[in-house]
Amino acid sequence: AAGDDFFLLMDPVGIYTRQEAFAVGRALDELGYVSFEDALPTKDIDGLVELCNALDVPVTMGEFLGSPYYFGEYIRRGALDEVRFVVDNIGGISGGMKVAQLAETFNMQCQPHNWGTTYDHAVHFHCELAMPNNTWFELTLPQGFSDRTYIKDRIRIAEDGYVHAPTKPGMGYEIDRDELDKVTLRVDT
């Protein structure tokens, strides 16, 4: 319905059995999908290796790994085609950049995970802006779903299909202190 030039990515969040993942993966190959994320539970390294070898669609993994130092085994064994990370799980922006650079050394794409509020998106966006090996920006839909009244700036997909970098200092998204005061119940000191 969207047309042949529309990119499709699939993320079942690790719920498939191996048999299901192979069946869905073959269908995604036929349909021309560009990413099959978390097709199997993260711990099933052997199944992921088999899946990567059997499919054309890139298998994207990593958002449930808890340290930048865990990614090496997945890359070495061929248990993923593209690397995914969540900065919260791997030591923040520094950990994210370690993973991005590791992926880059193996000529692999790296897709930081974006989900949540403006600041959840912003921290991953800053990694993406600093990475030469990232193509996608994931945005919680519908746009505005995760906006908070106390954050002045919004992250949006522009009409040209891109998400434009912030221009303000820090993370680039300003807090409205008056709005924050309105929604604050108490401050513990």
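Residues numbered from 1 in each chain as written. Predicted model: local features only at pLDDT ≥ 70, side-chain atom pairs only at ≥ 80, totals over all residues. Heavy atoms only, no water.

Draft legend 1. Spotlight on the pairing of strand β4 (residues 82-85). Residue alternation in β4 divides its side chains into two sets, E82 and R84 and V83 and F85, and both sets are buried. One ladder, built from three bridges, connects β4 with strand β5 (residues 110-112); its direction is parallel. What sits directly across from R84, in β5, is Q111. Taken together, β4, helix α4 (residues 92-105) and β5 constitute a β-α-β crossover, and its handedness is right-handed. (Buried < 20%, exposed > 50% of the residue type's maximum accessible area, 1.4 Å probe, protein only. Helix = DSSP H or I, 4+ residues; strand = E, 2+ residues; numbered from the N terminus. Pairing = 2+ DSSP bridges. Right-handed = clockwise from strand over helix to strand, strands pointing away.)

Draft legend 2. Representation of the side chain of N114 within the structure. The residue N114 is located in the loop between β5 and α5 (118-130) in this model. Its relative accessible area of 0% is what places N114 among the buried residues. A polar side-chain atom of N114 sits 3.3 Å from a polar atom in the side chain of E128. Non-local contacts of N114, meaning those with residues more than four positions away in its chain, are made with D120, H121, H124, F125, E128, F137 and E138. (Polar contact = N/O pair within 3.5 Å; in protein donor to acceptor, adjacent residues only side chain to side chain. Contact = heavy atoms within 4.5 Å.)

Draft legend 3. Broad picture of α4. With 14 residues, α4 should reach 20 Å at 1.5 Å per residue; the first-to-last C-alpha distance of 20 Å fits that figure. Where α4 is concerned, the buried positions are G95, G96, M97, V99, A100 and A103. Backbone geometry just after α4 places N107 at a positive phi near 60 degrees. (Expected span 1.5 Å × (residues − 1).)

Draft legend 4. Main features of the sheet that holds strand β1 (residues 9-10). With parallel pairing, the five strands of this open sheet are ordered in space as β1-β2-β3-β4-β5. Edge positions in the sheet fall to β1 and β5, since each has one partner strand and no second. Judged from the two bridges that link them, strand β2 (residues 35-37) and strand β3 (residues 59-61) form a sheet pairing that is parallel. Opposite F36, over in β3, you have V59 as the bridge partner. Across the sheet, helix α1 (residues 18-31) lies against β1 and β2, angled at about 160 degrees from β2, the strand it touches most. (Axes fitted to C-alpha atoms, helices over the stretch in contact; angles between N-to-C directions.)

Draft legend 5. Focus on helix α2 (residues 45-54). Those residues of α2 that fall on the buried side of the exposure criterion are I45, G47, L48, V49, L51 and C52. Considering only its buried residues, α2 is in contact with α1, β2, β3 and α3 (71-77).

Draft legend 6. Highlighting the packing of α1 against α2. Relative to each other, α1 and α2 sit at 25 degrees, their axes nearing to 10 Å. Classed by the angle they form, the pair α1 and α2 counts as roughly parallel. For α1 against α2, the interelement crossing comes out right-handed. Seen from α1, the contacting residues are R18, A21, F22 and D29; seen from α2, they are D46, G47, E50, L51 and A54. (Parallel < 35°, antiparallel > 145°, perpendicular 65-115°, else oblique. Left-handed = near helix turned anticlockwise from the far one by under 90°.)

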